[in-house]
Amino acid sequence: GGQSELTGLFVERPESTTNVTFVAKVDSSDLLRKPNMKWLKGKWLDLGSKAGKHVQFKEAYDRNSKVCVCVTVFTFSQTCTNAGGYRCEVTSKDKCDSCTFEVTVEGGSLPGHHRQSGVNSIMSNHTYSHTHNHNQSPLPLSFREKKARDEPKEEVDVWEILKDAKPCDYEKIAFDYGITDLRGLLKRLKKMKKVEPKKSDAFLKKLEQCYSVDKGKRTQMHVELHDPNVQVKWLKNGVEIKPSCLSVLTVFCQCLSLPLSVCHARYVFECVGNKRTLTINKCNLSDDAAYECVVGEEKSFTEVFVKEPPVTITKLLDDVHVVVGEKVEFECEVSEEGANVKWMKDGVELTKDGKYRIKKDGKKHTLVINEATIEDIGMYYVYTNGGESKGELEVEAKELEVLQSIADLSVKACEQAMFKCEVSDEKVVGKWFKDGVEVKPGNRIKMSHIGRIHKLTIDDVKPQDEGNYTFVPEGYALSLSAKLNFIEIKIEYVPRQDPPKIHLDTSSTGSKNTIVVVAGNKLRLDVEITGEPAPTVQGVTHINQPLVSVQVRVETRTTLSSFVIEGAERPDEGQYSIIVTNPAGEDRAELTVKIVDVPNPPENVRCMGVGEDTATITWDPPKFDGGAPIKGYLMERKKQGSSRWTKLNFEVFESTTYEAKKMIEGVFYEMRVFAVNGIGISQPSGNSKPFMPIAPTSEPTRLTVEDVTDSTCALKWRPPERVGAGGVDGYIIEWCKEGEDNWVGANKEPVDKNTYRVKGLPTGEKLLFRVVAMNIAGRSPPCIMKQSVIIREIMEYPKIRLPRQLRTKFIRKVGEKINLVIPFQGKPRPVVNWLKDGEPLENKSVGIRTSDFDTILFIRSAERDHSGTYTLSVQIDNMQDKADIHIQIVDKPGPPINVMVTDVWGFNAALEWKPPKDTGNTDITGYTIQKADKKTQGWFTVYEHNRRPSCTASDLVMGNEYSFRVFSENICGLSDEVAFTITVPIYIPPSDLEYNKPAFKEKDMSSSPKFTAPLVDRVVVAGYSTAISCAVRAYPKAKIVWMKNKMIIGEDPKFLMQNNQGVLTLNIRKPGQFDGGKYSCKAINDLGEDEVECRLEVRGTGTHTQCHAFTHRHAQTHTHTHTHTATPIILSMRQTFIGSQ
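Keep in mind that what you see is a predicted model, and the values were worked out from it rather than measured.

## A closer look at the overall build of the chain
When helices and strands are tallied, the chain shows 8 helices and 87 strands. Out of the 1141 residues belonging to the chain, those deemed buried represent 36%. For the chain, the share of sequence-separated contacts (at least 6 apart) that also reach a separation of at least 24 residues comes to 62%. Roughly 69700 Å² of accessible area belongs to the chain as shown, and the carbon and sulfur atoms make up 50% of that amount.

## Quick notes on the pattern of salt bridges
By the definition in use, this model includes 34 salt bridges. A salt bridge links Glu89 to Arg87; the nearest nitrogen and oxygen atoms lie 3.0 Å apart. A cluster of three or more residues bridged by salt bridges with shared partners is formed by Lys1046, Lys1078, Glu1091 and Glu1093.

## Some thoughts on a positive patch on the surface
There is a patch of like positive charges on the surface, built from Arg357, Lys359, Lys364, Lys661 and Lys662. Locating Lys662 in the fold gives a position in the loop between strand S50 (657-660) and strand S51 (669-677).

## Digging into the sheet that holds strand S21 (residues 328-334)
By way of backbone hydrogen bonds, the strands of a sheet pair with one another, either parallel or antiparallel. The 4 strands are arranged S19-S21-S25-S24 in an open sheet whose pairing can be described as antiparallel. Edge positions in the sheet fall to strand S19 (313-315) and strand S24 (356-361), since each of these pairs with one other strand and no more. Pairs of neighbouring strands in the sheet enclose a mean axial angle of 30°, with direction left out of account.

## Regarding the side chain of Ser975
Looking at the element boundaries, Ser975 is found in the loop between strand S76 (973-974) and strand S77 (979-980). Only 2.7 Å separates the side chain of Ser975 from the backbone oxygen of Glu977, close enough to count as a polar contact. With sequence-adjacent residues up to four places away left out, Ser975 is seen in contact with Pro893, Gly894, Pro895, Phe967 and Ser968.

## Quick notes on the sheet that holds strand S36 (residues 480-487)
If you walk across this open sheet you meet the 5 strands as S29-S36-S35-S31-S32, and the pairing is mixed. With partners counted over all chains shown, the strands left at the sheet margins are strand S29 (409-412) and strand S32 (437-438), one partner each. Relative to S36, strand S35 (residues 467-473) runs antiparallel, the two sharing 5 bridges. Directly across from Gly467, in S36, lies its bridge partner Leu484.

## Re the packing of aromatic side chains
All told, the structure shown has 11 aromatic pairs when counted by the stated rule. Between Phe653 and Tyr658, the aromatic rings sit 5.1 Å apart at their centres with planes inclined by 80°, giving edge-to-face as the arrangement. We note Lys638 situated over the ring of Trp645; from NZ or CZ to the ring centre the distance is 5.4 Å. A cation over an aromatic ring shows up here: Arg965 above the ring of Trp939, its NZ or CZ 4.4 Å from the ring centre.

## Looking at the side chain of Gln888
Mapped onto the fold, Gln888 is located in strand S69 (residues 879-890). Separated by 3.5 Å, the side chains of Gln888 and Lys809 make a polar contact. A polar side-chain atom of Gln888 sits 2.5 Å from the main-chain carbonyl oxygen of Asn921. Gln888 has contacts with Lys809, Phe810, Ile811, Arg812, Ser867, Asn921 and Thr922, leaving out every residue within four places of it along the chain.

## Section: a negative patch on the surface
Where like charges cluster on the molecular surface, the negative patch consists of Asp318, Asp319, Glu392 and Glu394. Within the element layout of this structure, Asp318 appears in the loop between S19 and strand S20 (320-323).

## Let's talk about the environment of Lys662
In this structure Lys662 comes out as exposed when scored by relative accessible area, which is 59%. When the C-alpha positions of Lys662 and Pro693 are compared, they lie 9.7 Å apart, and in sequence the two are 31 residues distant. Setting aside residues up to four positions removed in sequence, Lys662 forms contacts with Glu329, Asp613 and Arg637.

## Details of the pairing of S35
S35 sits mainly inside the fold: 5 of its 7 residues count as buried. Across 5 bridges, strand S31 (residues 430-434) lies against S35 in antiparallel orientation. From the neighbouring strand, Gly430 faces S35, where its bridge partner is Pro473.

## So, the confidence of the model for the chain
Low pLDDT marks stretches whose predicted atomic positions should not be read closely. The pLDDT averaged across the chain works out to 80; a share of 81% of its residues lies at or above 70. Contacts of residues 107-153 to residues separated by more than four positions or lying in other chains number 20 contacts, the stretch itself having pLDDT below 50. Long-range and interchain partners of residues 246-253, a stretch whose pLDDT sits below 50, account for 15 contacts in this model, where long-range means more than four residues apart.

## What to know about the environment of Glu749
Assignment of secondary structure puts Glu749 in the loop between strand S55 (744-745) and strand S56 (755-758). Linking Glu749 and Ile733, residues 16 residues apart in sequence, is a C-alpha distance of 9.9 Å. Once residues lying within four places of it in the same chain are set aside, the contact partners of Glu749 are Tyr731 and Ile732.

## Points about the pairing of S36
Going residue by residue along S36, you find Leu480, Ala482, Leu484 and Phe486 tucked away on one face and Ser481, Lys483, Asn485 and Ile487 left uncovered on the opposite face. Of the strand pairs in this sheet, S29 and S36 are connected by 4 bridges, and their pairing is parallel. Note that in S36 the partner of Val411 across the bridge is Phe486. Hairpin connection, S35 to S36: the antiparallel pair is bridged by 6 residues, and Gly475 has positive phi, about 85°.

## Topic: the environment of Asn898
For Asn898, the position within the fold is in strand S70 (residues 897-905). Residues Asn898 and Phe980, 82 residues apart in the sequence, show an inter-C-alpha distance of 8.4 Å. Ignoring anything within four residues of it in the chain, the contact list for Asn898 reads Glu912, Trp913 and Lys914.

## Things to note about the state of the cysteines
Taken as a whole and assessed by the stated rule, the structure comprises 0 disulfides. Between Cys1094, a free cysteine, and Cys1030, which holds the nearest cysteine sulfur, the sulfur-to-sulfur gap is 8.5 Å.

## Regarding unusual backbone geometry
Here the residue pair Lys827 and Pro828 is connected by a cis peptide bond, since its omega of -10° sits within 30 degrees of zero. Here Pro828 shows up in the loop between strand S63 (818-827) and strand S64 (831-836). In this model, Tyr1035 is joined to Pro1036 through a cis peptide bond whose omega is 0°. By the secondary structure assignment, Pro1036 is in the loop between strand S81 (1026-1035) and strand S82 (1039-1044). The phi torsion at Asp837 lies on the positive side, around 55°, for a residue other than glycine. Note that Asp837 resides in the loop between S64 and strand S65 (839-840).

Definitions and limits used
Residues numbered from 1 in each chain as written. Predicted model: local features only at pLDDT ≥ 70, side-chain atom pairs only at ≥ 80, totals over all residues. Heavy atoms only, no water. Helix = DSSP H or I, 4+ residues; strand = E, 2+ residues; numbered from the N terminus. Buried < 20%, exposed > 50% of the residue type's maximum accessible area, 1.4 Å probe, protein only. Contact = heavy atoms within 4.5 Å. Areas by Shrake-Rupley, 256 points an atom, 1.4 Å probe, with all protein chains shown as cover. Salt bridge = Lys/Arg side-chain N within 4 Å of Asp/Glu carboxyl O. Patch = residues over 30% accessible without salt bridge, like charges linked within 9 Å, V, L, I, M, F, W, Y side chains within 5 Å. Lys, Arg positive; Asp, Glu negative; His and termini not counted. Charge placed at Lys NZ, Arg CZ, Asp CG, Glu CD. Pairing = 2+ DSSP bridges. Axes fitted to C-alpha atoms, helices over the stretch in contact; angles between N-to-C directions. Polar contact = N/O pair within 3.5 Å; in protein donor to acceptor, adjacent residues only side chain to side chain. Phe/Tyr/Trp six-rings, centres within 6.5 Å; stacked < 30°, edge-to-face > 60°. Lys NZ or Arg CZ within 6 Å of the ring centre and 35° of its normal. pLDDT = per-residue confidence, 0-100. Disulfide = S-S within 2.5 Å.

Right, here's the structure in full:
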């Protein structure tokens, strides 16, 4: 961590005083726990280490005021060594404070002062006697104290005195000036001593310690050298910086005083006299590194720090207003690509989780909330290291649409009353109220919620059920109300007769005698009938036809006739006639029933066009609108193969063409549409055919002309820079005359390659060409050639482009295949001729093939007759170019001639021969000579690649007869045939030499004893077995004697002595305190003796149980068979217990 900030925590600070009691008070009201306080003298001495008899600390903490009081009492007497500066420090978790005060000691009469003065006198006399001559008498103490008080004190810099003093005087100087922390003094003095830098032999001026530069700026590093001609190297992070061509060009521009803007080299090296400069242009973060300048064996180091400019926000956040469930996007742009930004809301940083998504696209940063809720309302902030922006999010609750409201009901006793309503959201729940009191379900009262329909059913209606009923959806400021009227039946006797009268009231439904019913609902129309005596219903007809449907019926009572349609359907729509009669007359009423329903689904949903992330969808309106006007449409989409549909709009869309946006390029989608009228939402339409949002590619690039003839033009181009998910299906090439806009297609089908030759062009015309890339999305923007092309053959001189390997002699072996491809150029097409050795080439085994651009000479199996000089000539009119090709066909050589032995002497034989007659059409590179003796008849190589036609065979065995054979060799290898010497083998006569074997002398291995590994001093723990070891070398074998304290160790069972091939081990079983001492080992033989010794110290056990467990674990883990291998375990055990003590 860094340093804590200084804050004012002290309430009362200790003051400079002559007393010996100090009080400090600390305010800890803003701290979580009680602070820590420390008292120090000078800079290092912690008085906490002096606590005890002389210094006492007392602390008190008031929990009400949260003030910590620290009292320090000095009980030592006042002397000059107690005077000086003191410091009190208080620290908490992240806060600290400190204060200093002075203590002045003056002469006075405090208790114990005289006794302390005597001690001071002794110390002063002792110091005086060490600093003056012995023959001078010391001055009285009172005189010196008075003189010290009268004389003004001079400011003395102790550090300057210590710098010039000898190390042996440090302790005396510290004692004279009252410095008690001698160790801290020496540490600080060591840091203060500056080491003078070593003078450099190569550098007059080295690099600065560091360089700082802004990102994108330029920085320069300079050094000056003693030798202006010496070469330097520049290293970056230990890797040499190589000068580039641009670096050299930049230095050249500087020498010519040209502007540096011409060159764009990253690193520029300059050399002017003895000054060397490294310039870094347009620094970026990768240039933040360590740099070195190396001259020979010397180096100069520096560091370059690149400061990155602060990232600012170039496009601020906008406020967003959405509806619950919609997608929210906050978008901003910053000044640097790839910069880090932080999104926050209500002081809390937002991270990527299921609710939030954070996207980066170059300089654009976006915060996405998938489904907005009311809790997301607030202010959103985006922060960079150079700015901030904020945007407010407002989320509005969805509006609930009432598709069918509840209607007033009038029912009689014991009948059923049903209130029904329909809302736009299936997930909405609600409550029913009667006269402001919530309705609870019971035996007679039932409530149901199916989809968007809510029902309240009351069976066996009673008078107390009459009232106002209200449906309230939860979460919406909306209520639907209707009234339930209870009809009481009163029967009165009227003696007179009245003709029947039908009281049909449909005024609330709009049109006269017209009733509108939602399909699927139950229609019950109660028609009051009056008349005396009670009229009877003669019948109900539907469009002048008797009723035959079971769902439509008429229920008749005395004065009431009910017209009932159970689950109204579209066939039930039409005009109904009701006829009632009684003895007094007849009455007739006409009733029109209109059935309304949700519309049919839209038809023929199809995609009319696509873009990079958009698609244009169109559809046909539904054939049946449900009896109510179409208000609009709702659209949904999904990915092909997925079952999850995504809504595209919450408000109805009136048009039948919709542009879907924010889709992923290259992914297949399907669409469906819902129709909406006043009754509700239709069933979904059929899915559209899968379509893919995709955009045409960008235009092709680098359209150039490769070749032009009198009627053709060869073009080539590069693919588009942006292809997209649709790829490239091919290219269309078009041309037009200069000054016109009538483009003519050169190819009907797209071509796959990036080259094409346009044929059938008018000769001599100036034409423009363009190329268009094609894919599933259509044509890309065209790439048009900037300059026109004249369609005319261009005369080009003939030129043979002879390959490099044919410019020298072309050598091949017999039987190999020869295939020479020689390109040439020239327009119009030149005439090609081949000659061999100046004669026309008529050999049928040599094939010639010629194209517009090259000619091929082909030989299936080369023969030596094919060797020679082949001349190729290309000619256009009177212009000609020639080239000679020298072909040499080589074969293995024949055998040498006349191999003979010219001389034999000692172990040697001289051979000579003549070169072969047939050299294989090439030079002989050497000879291989082999020999065979008469006994084994095996051939052994004597020489390989021998260049001369003679040699000398050496290392022959006397008395053997030998035969020799010789192979000739060229670049094809050894000859198939071999040349032998004369049939009579040569004979090597034996010589008269005799071998005298030297006498054997045995080496004397005797040696006196000598210890190669001594005994080592040991410290062991009492009660745990140990061992001491050494190694000795002696011959004959030495006698070993172990001694303890110069006393020979006998057959004591406590000791076990072992000797394993010179490794001597003394095992001591569970040593005690009395087993410590000096152990020695003496080795004696006839030639002398040697002795080694060591000291063994046995210490008492500190933690016996722990040591026993430790030893037990090592005993289980390491099982050793030899005594000398147990020593490392005992050593590690000894080090462990020494560390624990």
